[in-house]
Amino acid sequence: MAENESQVARVTKPVSEALLNEKWDRAISSMIIKSSIGLSFGVVFSVLLFKRRAWPAWVGLGFGAGRAWEEADASFRRGDSPVRDALRR
Amino acid sequence: MLRSSISSGRQLLSSPVRQRVPAQWLSKAGASTRLSGQRFFADAKPPTPATPSSESSIPRNDIPKPLEQESKAPSSSPKVAPQKTGRFRRFLLYLILSSGIAYGGSIFLALKSDNFHDFFTEYIPYGEECVLYFEERDFYRRFPNASRASNRIHAIPKDEGKPVTIPSKSGLSWNVARVEDTGSDASKAGSHTAAKAEEAQTKTEASKPEQRTAAVKKAKEDKANKESSTEPTKTVSLDEPRKPAVDAAGSIGLLQHEEGDEPVVQELVKTFNDIVSVISADANAGHYSASIAKATENLQKIGDKINSIRSEAKNAAEEEIKKAHATFDEAAQELMRRFEETRNMDLAQFREEFETEREKLASAYQEKIKTELSRAQDLAEQRLKNELVEQAIELNRKYIHEVQDLVEREREGRLGKLNELSANIAELENLTTGWGSVIDTNLKTQQLQIAVDAVRTALERAEVPRPFLRELVAVKELAADDPVVDAAIASINPTAYQRGIPSTAMIIERFRRVAGEVRKASLLPEDAGIASHAASMVLSKVMFKKDALADGDDVESILVRTENLLEQGNVDAAAREMNTLQGWAKILSKDWLADVRRVLEVKQALEVIETEARLQCLRVE
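Definitions and limits used
- Residues numbered from 1 in each chain as written.
- Chains lettered and ligands numbered in written order.
- Predicted model: local features only at pLDDT ≥ 70, side-chain atom pairs only at ≥ 80, totals over all residues.
- Heavy atoms only, no water.
- Helix = DSSP H or I, 4+ residues; strand = E, 2+ residues; numbered from the N terminus.
- Contact = heavy atoms within 4.5 Å.
- Buried < 20%, exposed > 50% of the residue type's maximum accessible area, 1.4 Å probe, protein only.
- UniProt positions renumbered as here; feature names shortened; annotations may be inferred.
- pLDDT = per-residue confidence, 0-100.
- Core = buried A, V, L, I, M, F, W, Y, C linked by side-chain atoms within 4.5 Å.
- Axes fitted to C-alpha atoms, helices over the stretch in contact; angles between N-to-C directions.
- Parallel < 35°, antiparallel > 145°, perpendicular 65-115°, else oblique.
- Nonpolar A, V, L, I, M, F, W, Y, C, P; charged D, E, K, R; others polar.

### Some points on the overall build of chain B
Thinking step 1. Tallying secondary structure elements over chain B gives 23 helices and zero strands in all.
Thinking step 2. In chain B, once contacts between residues fewer than 6 apart in sequence are set aside, the share between residues at least 24 apart is 59%.

Below, the structure is given as structure tokens:
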């Protein structure tokens, strides 16, 4: 693990092979956060406006999950450009 | 219109949904990049499906217009045709007018500016002809006599051709001159021939003077001939008056007097003869015959007397002439004698003068010869003296040389050995200094090798990549401006010796990790979304492992080959193999590749430095 130490000392950005892993981490975390936020909004709306029906909560969850999906997709699509910059530094 | 707008709207609504879903499913299935590209293309131009509707809508807008026009013109088909022809005519008129104006304007411009002239004549049909026609008109307006001038130029050579012909009567011949002289005066003929000669001047000039002289001679001859011819006629006319007298005397005892040349006597005889003839014609001639006989006798006497007087005078004159001759002869002799005397005197005088002159000249020449002789002698003496001096100098020099040679020989004989000794000593010194330099260089190269060894051990022994900056500095110091070593060190990436390089074990260990990651991303297409990433991750776990010897361009076989090469210790070939990866796999392996490259650079530089040190070791001897 001495190598890891040196890597940490060198740069804050990830090593090239760890690039995809980090992307996955971010994607999953954002998925969880956004879908939970959407779910909570849906729950609040259903309680306040829709007489405690179930579908607003599902819709909120879907919105959150969809937004997270879209972000992750974008980050994977243009995944190589920031990495290249980091490598050349 | 309505239909088209609705159809386009439906298109807009349907297109993104249709695009998204199949694209992702295609990418999941590992579809090629071309399909996705096509998808974007379809997105970029939505009107392609809408074309039929738009096509159908446009004619609908157009069709009513002619119908309306037809309805406005209420008449049937015959009326439509004139309108069409009228429009066509108007169009034709406008076309002709505009093209005429354009041509006119462009011709005017072409005449004004050269650039436009070039363009116009080159690219516009019939442009060159038009411009040429106008230019020619302009030219003729400026120079109306141009065509006549060209004729005149043609006429000149004809005039030049004329003088070559030579008239038939020119030239040198005596016949021509004579023929002309017979008709006219001598002087006229001369001038005429001269004129003729002048006419024939184009002939040879040498013949000219001869011809002239010939003409003049001929003229003179002709004159003499004429004079001679006139003289006989004159004598004939003088003889004529005597004839009647002879006839009268012949009738009765006429007076005949032959020797009477005197004009007075002649006159007298004439009158007498007349009287006689008169008397003889008279009837009584016998009365006068006696007196007439007397008169004739007297007359005869007078004639005789005259003759005698004449003979006397002649004799006297002859005598006088003889006397005169004698006196003239004497005078002539006297003159001759005098001439002789003067000539003799002159001769003697000239001879004396000649003698004196000769003596003078002889003395002058002798003096000159003497002076020249003396000068020559002086010169010869001077030369001799010079030669003597030169010989003396030469002898001196030779003597000095000989002395020097002798001294040198002597010195070399004794001191030559000393010189040899000193040379030997110098050689020895050189040898010792050379050995010293050899030892120095040996030491240096040894130090260099030791330094390189130090660098190598520092690299090999390190568990953790450590900077080896100090060792490298030592090498550079020892190399002392060796260009090869400098170049080798310069080829190393600075980060390599500032942060150190990983050992081979580390590289292999890191490769294993990198290979896992790369394998995960091995099935990714280019520009892949999150779904295809997930698919690739999942599917790569299920893939079969490949053989080491499989050669293919896919990621799995490249990874296997690289691993094998690394296990064999061939880092260079492994790096090359890894460099052939494409896309995400390449991006993921980029850091590892950079590390490997740095290691390889350092190794190569160290090898170069070592070989250089060895070479210097060999170069010393």
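The discussion continues.
### A closer look at the side chain of B:E612
All names here are of chain B.
Thinking step 1. Relative to the helices and strands, E612 resides in helix α23 (residues 590-619).
Thinking step 2. Residue class for E612 comes out buried when judged on its relative accessible area of 8%.
Thinking step 3. Sequence-distant contacts of E612, that is, excluding residues within four places in its chain, are made with D482, V484 and V485.

### Some points on the UniProt feature "transmembrane region" (unreviewed entry) in chain A
Thinking step 1. When the UniProt feature table is mapped to this numbering, "transmembrane region" (unreviewed entry) covers residues 27-50 of chain A.
Thinking step 2. In this annotation, residues 27-50 of chain A is assigned 92% helix and 0% strand; the end-to-end C-alpha distance for the span is 32 Å.

### Comments concerning the confidence of the model for chain B
Residues and elements named next belong to chain B.
Thinking step 1. Looking at chain B as a whole, its pLDDT mean stands at 74, while 67% of the residues score no less than 70.
Thinking step 2. Confidence scores differ between elements of chain B, with helix α12 (residues 242-251) showing the lowest mean pLDDT of 42 and helix α14 (residues 289-461) the highest of 91.
Thinking step 3. In the model, residues 153-161 has pLDDT below 50 throughout and makes zero contacts with residues more than four positions away in sequence or in other chains.
Thinking step 4. Every residue in residues 227-251 scores below 50 in pLDDT, and together they form 10 contacts with partners more than four places removed in sequence or on other chains.

### Things to note about the nonpolar core
All names here are of chain B.
Thinking step 1. Formed by 55 residues in total, the largest nonpolar core has its most connected members in F468, V475, V518, M578, W584, W592 and V602.
Thinking step 2. No other element matches α23, which puts nine residues into this core.
Thinking step 3. With sequence-adjacent residues up to four places away left out, M578 is seen in contact with F511, V514, L559, T562, S589, W592 and L593.
Thinking step 4. Core analysis: the second largest hydrophobic core is formed by five residues, F272, I279, I292 and L299 among them.

### Here we look at unusual backbone geometry
Where the residue is not glycine, phi is negative for most of them; where a peptide bond is considered, it is trans in most cases.
Residue and element names in this part refer to chain A.
Thinking step 1. At K51, a residue that is not glycine, the phi angle is positive and equals roughly 55°.
Thinking step 2. Within the fold, K51 resides in the loop between α2 (19-48) and α3 (55-77).
Thinking step 3. One non-glycine residue with positive phi stands out, namely R52, at about 60°.
Thinking step 4. Along the chain, the position of R52 falls in the loop between α2 and α3.
Thinking step 5. Assessed through its relative accessible area of 70%, R52 is described here as exposed.

### Comments concerning the packing of helix α16 (residues 483-491) of chain B against α23(B)
Residue and element names in this part refer to chain B.
Thinking step 1. Where α16 contacts α23, the axes come no closer than 9 Å and their chain directions differ by 170°. By the angle between their axes, α16 is roughly antiparallel relative to α23. Of the residues in α23, those in contact with V484, V485, A488, I489 and S491 of α16 are E601, A605, V608, I609 and E612.
Thinking step 2. Here the residues of the contact of α16 with α23 are counted per class, giving seven nonpolar, one polar and two charged.

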